[in-house]
Amino acid sequence: ILRLENQMHALEKSEGTDKFFSHPSPDAPGFDPTDYAPPLPANFEPMQDEPQAIRNLIALRPFRAKARKVWGERGWREHRWMYAQLTDEQDPFIGTVLDALKKSGLATNTIVVFFSDHGENNGSHRLDHKTVFYNEASQVPFIFDGDGIVAGVTNNTPVSLADFYPTVCDLAGVKAPRDLPGISLKPYLYGKPPAVQRKYVFVENQIGFMVTDGRFKYAWYDDAGNDEMFIDLKTDPGEEVNLM
């Protein structure tokens, strides 16, 4: 599931988080990254009745297995601090692209799209990186900015990366191939719901399949043990209890 946002300025740091991005040199005497590191996420501990397939996947990767088993609050906060630094390093590059568009006079005839192929667990459930179906890994930014696009609007309707191709075709005035599985999100960008809307999103990875309508999430894992996961994201947004 992806979050569709209509404002490139959503990339700016929100109030109160600047201290996680600003810090003395790591070589400074007495420097301690945990003085600047984000706190642990509320869903830091593994899910109750977590599917065995997730634990099996973690066991295949020594770094992830060690981090989950050995790291305490300090280790995970340092990890989150380093991720914040890497994220901050990308901001100037985005600014360079936007500034170049303005200086060239092409900004009013260009649509900028910011997205990713996956999210980042970043300490939730004592995990890093991706692959599992937890929201932190499966939700990614999907941000559009351009002349006439409604600014400052967030839409939580389930959409998929499969919708990217038909959307950019529609925005460019090009007819999309008929066999594409996605739908155009162009109406959302200009403040109107599309004629066809997704009711759910289907996802697959190397260990199973998942489907969600934005509130309920069901996953089936192709592995031994308790191979199902069901979550009510309204009552359990941190995915802390497996209802299966």
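Residues numbered from 1 in each chain as written. Predicted model: local features only at pLDDT ≥ 70, side-chain atom pairs only at ≥ 80, totals over all residues. Heavy atoms only, no water.

## Considerations on the overall build of the protein chain
A count of helices and strands for the protein chain gives six helices and eight strands. Moving toward the C terminus, one meets the helices and strands of the protein chain in the order β-α-α-α-β-α-β-β-α-α-β-β-β-β. Of the contacts made within the protein chain by residues no fewer than 6 positions apart, 61% connect residues no fewer than 24 positions apart. Roughly 13800 Å² of accessible area belongs to the protein chain as shown, and the carbon and sulfur atoms make up 55% of that amount. (Helix = DSSP H or I, 4+ residues; strand = E, 2+ residues; numbered from the N terminus. Contact = heavy atoms within 4.5 Å. Areas by Shrake-Rupley, 256 points an atom, 1.4 Å probe, with all protein chains shown as cover.)

## Remarks on helix 2 (residues 62-70)
Within helix 2 the residues assigned to the buried category are Arg64, Ala67 and Arg68. For helix 2, the arc enclosing every buried residue in end-on projection is 95 degrees, short of the 170-degree limit, so these residues lie on one face. For helix 2, the exposed residues set more than 90 degrees away from the buried face come down to Pro62, Lys66, Lys69 and Val70. Contacts from the buried residues of helix 2 go to helix 1 (52-59) and helix 3 (73-104). (Buried < 20%, exposed > 50% of the residue type's maximum accessible area, 1.4 Å probe, protein only. Arc of directions from axis to C-beta.)

## Describing the packing of aromatic side chains
Under the counting rule described, the total for this entry stands at eleven aromatic pairs. Plain terms: the ring middles of Phe133 and Tyr221 are 5.6 Å apart, the flat faces sit at 40 degrees to each other, and that makes the pair tilted. Taken together, the positions of Phe133 in the loop between strand 2 (112-115) and helix 4 (135-138) and Tyr221 in strand 7 (residues 216-221) put the pair 88 residues apart, joining distant regions of the chain. For the pair formed by Phe133 and Tyr221, the shared burial category is buried. When the ring of Phe142 is compared with that of Phe164, the centres are 6.4 Å apart and the planes differ by 40 degrees; the resulting orientation is tilted. In this pair, Phe142 sits in strand 3 (residues 141-145) while Phe164 sits in helix 5 (residues 164-172), placing the two residues 22 residues apart along the sequence. Residue Phe142 is classed as buried on the basis of its relative accessible area, which comes to 0%. Relative accessible area serves as the criterion here: at 25%, Phe164 is assigned to the partly exposed category. By way of ring pairs, the aromatic residues Phe44, Phe63, Trp71 and Trp76 are connected into one cluster. (Phe/Tyr/Trp six-rings, centres within 6.5 Å; stacked < 30°, edge-to-face > 60°.)

## Considerations on the side chain of Arg80
Tracing the chain through its elements places Arg80 in helix 3. For the buried residue Arg80, which engages in no salt bridge, the nearest side chain bearing the opposite charge is Glu120, 8.0 Å off. (Lys, Arg positive; Asp, Glu negative; His and termini not counted. Salt bridge = Lys/Arg side-chain N within 4 Å of Asp/Glu carboxyl O.)

## Concerning the nonpolar core
Here is a general trend for soluble globular proteins: nonpolar side chains tend to be buried in one another's company. With 17 residues, the main nonpolar core has Ile54, Val132, Phe133, Tyr134, Ala219, Tyr221 and Met229 as its most contacted residues. When residues of this core are traced back to their parent elements, those giving at least two are helix 1, strand 7 and strand 8 (228-232). With four residues, helix 1 is the largest single contributor of residues to this core. Sequence-distant contacts of Tyr221, that is, excluding residues within four places in its chain, are made with Pro51, Ala53, Ile54, Phe133, Ile207, Gly208, Asp227 and Met229. Judged by nonpolar contacts, the second largest core, of nine residues, contains Phe144, Ile149, Leu185 and Leu189. (Core = buried A, V, L, I, M, F, W, Y, C linked by side-chain atoms within 4.5 Å.)

## Describing the side chain of Asn43
Mapped onto the elements of the fold, Asn43 is located in the loop between strand 1 (3-5) and helix 1. Judged by its relative accessible area of 7%, Asn43 is buried. Only 2.9 Å separates the side chain of Asn43 from the side chain of Glu136, close enough to count as a polar contact. Each residue touching Asn43, except ones within four places of it in the same chain, is listed here: Ser124, His125, Glu136, Gly238 and Glu240. (Polar contact = N/O pair within 3.5 Å; in protein donor to acceptor, adjacent residues only side chain to side chain.)

## Quick word on helix 1
Every buried residue belonging to helix 1 is among Ala53, Ile54, Leu57 and Ile58, and all of these are buried. Buried residues along helix 1 cover an arc of 140 degrees about the axis, so they all sit on one side. Taken together, the buried residues of helix 1 touch helix 2 and strand 7.

## Some words on a nonpolar patch on the surface
Taken together, the side chains of Tyr200, Phe202, Phe209 and Trp220 make up a nonpolar region of the molecular surface, amounting to roughly 430 Å² of accessible area. Structurally, the position occupied by Trp220 is in strand 7. (Patch = residues over 30% accessible without salt bridge, like charges linked within 9 Å, V, L, I, M, F, W, Y side chains within 5 Å.)

## Side note on the sheet that holds strand 5 (residues 201-205)
Taken together, four strands build an open sheet; the order of strands is 5-6-7-8 and the sheet is antiparallel. Of all the strands in the sheet, the pair left with one neighbour each is strand 5 and strand 8. Along the sheet, successive strands turn relative to each other by an average axial angle of 10 degrees, direction set aside. Pairing between strand 7 and strand 8: five bridges, direction antiparallel. Bridge assignment links Lys217 to a residue of strand 8, and that residue is Ile231. (Pairing = 2+ DSSP bridges. Axes fitted to C-alpha atoms, helices over the stretch in contact; angles between N-to-C directions.)

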